[in-house]
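# Summary of the model geometry
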Amino acid sequence: MVQLPIYLDYNSTTPCDPRVVEAMLPYFTKHFGNAASRTHAFGWEGEEAVEYAREQVAQLIGAEPKEIVFSSGATEAANLALKGVFEAYAAKGNHIITVVTEHKAVLDSCHHIERLGGEITWLPVDNEGLISLPELEAAIRPTTMLIAVMYANNEIGVIQPIKAISDIARKHGVLFFTDATQAVGKVPIDVNKDGIDLLALSAHKFYGPKGIGALYVRRRDPRVRLVAQMDGGGHERGMRSGTLNVPGIVGMGKAAELCRQEMTADARHTAELRDRLETGLLAIPGAHINGSTTHRLPHTTNISFPDIDANALLAALGKDIALSSGSACTSASMEPSYVLKALGVDDKVAHASLRLGLGRWTTAEEIDYAIVRISETVALLQARNVQYKNV
Ligand SMILES: *Cc1c(COP(=O)(O)O)cnc(C)c1O
């Protein structure tokens, strides 16, 4: 018998791996020193732990340890990348190219930059969720300072053609930032092979703790400059002031090491179960997958069901299966997902969509239960709708 509720919302956050928690614990009590304290052993221990974690994180993405700037998460890292480049390269221009399906952390940072006098090009996506490379290249101007395209989308899992994007950026001497929050630890990333200049990541999406993340900032070919968005003691080589979250950093380092070792097995496990889930749910008449099924993360799927209301579906499932609709819940009203709308999915169908995220501890039993439960519920709601229509 499966234990309820089942967690299928790994894209919103993941549980900490117990091995991560174990690594963190001593840094709350015994080794509690401030990593910036240079005058005693408590500080040195903290610093040593931070530098070790910096290597672990760097290794996961093929970076140098010095290129890792710790932050409170991917939201802060994206803010630093976008606003930091906008300020540092003001002499070059004021134009940034991004995509309509980005996470709010990127979209809203770009809106902020617009209010500061920046110009933003918002690239559309096709019905698979992918950008057009010719359209990207055509959008580049002499004043373009940055291209910001996410590695993989959090709602549909679609992976953008990162290497091709960076080739275009290089050719035109434009920096390339990618929000890789959903991809880090799930698929192999190498900032040098991929040609990435700045990259945001967050520990709680790859079995680490919440409230800790990092920005990768390239130091060679080219050396990227940033204006700090947090002023203070000059931590993180002046790019992000504030006392370092030592336990969080240790946890993120351990989580990164585990992902590096177990990524292949994790990906095989989640992809197999994701495919099983899709096969089961696509048996529902009219059900279909949103976004590319060839360029995507191994652990994510987004499925629409015809003629049902997502509110009713989520309400009916919520007690037993933790998931989210493709929709972003805005306080009172349920807005259809802007990501699905960007793919050309109509509002009604966007409303009737589920985002399913699997993870390291998802089991076949849970997937089989979810298939039955979702299928039953969709059938019930569809029958009810048909009944209403006939009245
Ligand atoms: C979760 C997520 C973020 C935000 O990360 P936090 O560390 O929670 O701030 C940004 N971008 C993407 C794609 C995400 O999935």
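Treat the numbers as computed from the prediction; the structure is a model and nothing was measured. (Residues numbered from 1 in each chain as written. Predicted model: local features only at pLDDT ≥ 70, side-chain atom pairs only at ≥ 80, totals over all residues. Heavy atoms only, no water.)

## Topic: the overall build of the protein chain
How we decide: Helix and strand labels come from DSSP, where a helix needs a run of H or I of at least four residues and a strand needs a run of E of at least two; each type is numbered from the N terminus. With C-alpha atoms as the basis for the radius of gyration, the globule rule is written as 2.2 Å multiplied by the number of residues raised to the power 0.38. Any two residues whose heavy atoms approach within 4.5 Å at even a single point are treated as in contact. Shrake-Rupley sampling with a 1.4 Å probe provides the accessible areas, and residues are treated as covered by the protein chains on show and by no other component. His is not counted, nor are the chain ends, whereas Lys and Arg count as positive and Asp and Glu as negative. Working definition for charges: the position is that of NZ of Lys, CZ of Arg, CG of Asp or CD of Glu.
Broken down by element type, the protein chain carries 11 helices and 15 strands. A globule of 391 residues ought to have a C-alpha radius of gyration of about 21 Å, and the protein chain, at 22 Å, matches this closely. In terms of its C-alpha atoms, the protein chain occupies a principal-axis envelope of roughly 75 × 55 × 35 Å. Contacts in the protein chain between residues at least 24 apart in sequence constitute 74% of all its contacts with a sequence separation of at least 6. For the protein chain, the exposed surface amounts to about 16500 Å²; the carbon and sulfur share of it is 55%. Of the charged side chains in the protein chain, 38 are positive and 45 negative, and the gap between their average positions amounts to 3 Å.

## Considering the packing of aromatic side chains
Note the threshold: Two rings from Phe, Tyr or Trp (for Trp, the six-membered ring) form a pair when their centres are within 6.5 Å of each other. A pair whose planes differ by under 30 degrees is stacked, one over 60 is edge-to-face, and the rest are tilted. Note on classification: 1.4 Å probe, protein chains only; a residue is buried when its accessible area is under 20% of the maximum for its type, exposed when over 50%, partly exposed between these limits.
Applying the stated criterion to the full structure yields four aromatic pairs. Ring geometry for Tyr7 against Tyr10: centres 5.1 Å apart, planes inclined by 65°, an arrangement best described as edge-to-face. Taken together, a centroid distance of 5.2 Å and an interplanar angle of 40° make the contact between Phe32 and Phe42 tilted. Of this pair, Phe32 sits in the loop between helix 1 (18-24) and helix 2 (41-60) while Phe42 sits in helix 2; the two residues are 10 residues apart in sequence, bridging distant segments of the chain. Given a relative accessible area of 51%, Phe32 falls into the exposed group. The class for Phe42 is partly exposed, based on a relative accessible area of 40%. Taken together, the aromatic side chains of Tyr7, Tyr10, Tyr207 and Trp361 make up a single cluster linked through ring pairs.

## Describing the packing of helix 3 (residues 74-88) against helix 4 (residues 104-115)
Applicable threshold: Comment: axis = line fitted to C-alpha atoms, over the contacting stretch for helices; angle = value between 0 and 180 degrees taken between N-to-C directions. Note that the term roughly parallel is reserved for angles under 35 degrees, roughly antiparallel for angles over 145, roughly perpendicular for angles of 65 to 115, and oblique for everything else. Crossing handedness follows the turn of the near helix against the far one: under a right angle anticlockwise gives a left-handed crossing, and clockwise gives a right-handed one.
Where helix 3 meets helix 4, the axes come as close as 9 Å, and the angle between the chain directions of the two elements is 30°. One way to sum up the angle between helix 3 and helix 4 is to call them roughly parallel. Note on packing geometry: the crossing formed by helix 3 with helix 4 is right-handed. Contacts between helix 3 and helix 4 involve Thr75, Ala78, Asn79, Leu82, Lys83 and Phe86 on the former and, on the latter, Ala105, Val106, Ser109, Cys110, His112 and Ile113.

## A look at the domain arrangement of the protein chain
Rule in force here: Each domain's extent is set by a domain assignment, obtained either automatically or from a database. What counts as buried area is the accessible surface, traced by a 1.4 Å probe, that two parts surrender upon association, with contributions from both included. The rule for a salt bridge is simple: a side-chain nitrogen of Lys or Arg has to be within 4 Å of a carboxyl oxygen of Asp or Glu. Side-chain atoms alone can form a polar contact between residues adjacent in sequence; in general such a contact is a pair of N or O atoms within 3.5 Å, and within protein one must be able to donate a hydrogen while the other accepts it. Amino acids outside the nonpolar list (Ala, Val, Leu, Ile, Met, Phe, Trp, Tyr, Cys, Pro) and the charged list (Asp, Glu, Lys, Arg) are all regarded as polar, and Gly is one of them.
One can read the domain layout of the protein chain as domain 1 (6-14 + 263-390) and domain 2 (18-257). Taken over C-alpha atoms, the centre of domain 1 sits 29 Å from the centre of domain 2. The contact between domain 1 and domain 2 buries some 2600 Å² in all, and 57% of this surface belongs to carbon and sulfur atoms. Summed over the three residues of domain 1 that lose the most area to domain 2, namely Met263, Leu297 and Tyr338, the buried surface amounts to 24% of that side. Taken together, the connections running from domain 1 to domain 2 amount to zero salt bridges. Inspection of the domain 1/domain 2 interface yields 14 residue pairs in polar contact (both at pLDDT 80 or more). Mapped onto the side of domain 1 that touches domain 2, the elements with two or more residues apiece are helix 7 (246-281), strand 10 (300-304) and helix 9 (338-342). Looking at which element gives the most residues to the side of domain 1 that touches domain 2, the answer is helix 9, with four residues. Residues belonging to the side of domain 1 that touches domain 2 are distributed by class as follows: 11 nonpolar, 14 polar and four charged.

## Digging into helix 6 (residues 162-171)
For clarity, the cut-off: By construction, the arc corresponds to the directions joining the helix axis to the C-beta atoms.
Among the residues of helix 6, Ile162, Ile165, Ser166, Ile168 and Ala169 are the ones counted as buried. For helix 6, the angular spread of buried residues about the axis comes to 155°, placing them on one side. Along its buried surface, helix 6 packs onto helix 5 (133-139), strand 5 (144-148) and strand 6 (175-179). Backbone geometry just downstream of helix 6 places Gly173 in the positive-phi region, at approximately 65°.

## Overview of the nonpolar core
Spelled out, the test is: In plain words, nonpolar cores are sets of buried Ala, Val, Leu, Ile, Met, Phe, Trp, Tyr and Cys residues tied together by side-chain atoms within 4.5 Å.
The biggest cluster of nonpolar side chains holds 68 residues, and the ones touching the most others in it are Ile61, Ile147, Ile189 and Leu199. Once residues within four sequence positions are removed from consideration, Leu199 is found in contact with Ile61, Phe177, Thr178, Ala180, Val184, Ile189, Val191, Ala214, Leu215 and Tyr216. Of all hydrophobic cores here, the second largest spans 28 residues; its members include Ala78, Phe86, Ile96 and Phe177.

## Comments concerning the packing of helix 2 against helix 7
Running from N to C, helix 2 and helix 7 point in directions that differ by 30°, and their axes come no closer than 8 Å. The orientation of helix 2 relative to helix 7 falls into the category roughly parallel. As helix 2 packs across helix 7, the resulting crossing turns out to be left-handed. Contacts from Gly46, Ala49, Val50, Tyr52, Ala53, Gln56, Val57, Gln59 and Leu60 in helix 2 reach Val246, Ile249, Val250, Met252, Gly253, Lys254, Ala256, Glu257, Cys259, Arg260 and Met263 in helix 7.

## As for helix 4
To keep it simple, the criterion reads: What a helix should span is 1.5 Å times the count of its residues minus one.
Here helix 4 is 12 residues long and its end C-alpha atoms lie 16 Å apart, about the 16 Å a rise of 1.5 Å per residue gives. All buried positions along helix 4 are accounted for by Ala105, Val106, Leu107, Ser109, Cys110 and Ile113. Buried residues along helix 4 sit in contact with helix 3, strand 3 (95-99), strand 4 (119-123), strand 6 and helix 9. Gly117 sits one or two residues past helix 4 and shows a positive phi near 105°.

## Observations concerning the sheet that holds strand 6
The criterion, for reference: At least two bridges found by DSSP between two strands are what make those strands a pair.
One open sheet accounts for seven strands, arranged 2-8-7-6-5-3-4; its pairing is mixed. The open sheet has two free edges, formed respectively by strand 2 (68-71) and strand 4, since each of these has just one partner strand. Between one strand axis and the next, the sheet turns by 20° as a mean value, whatever way the strands run. Pairing geometry for strand 5 and strand 6, over three bridges, is parallel.

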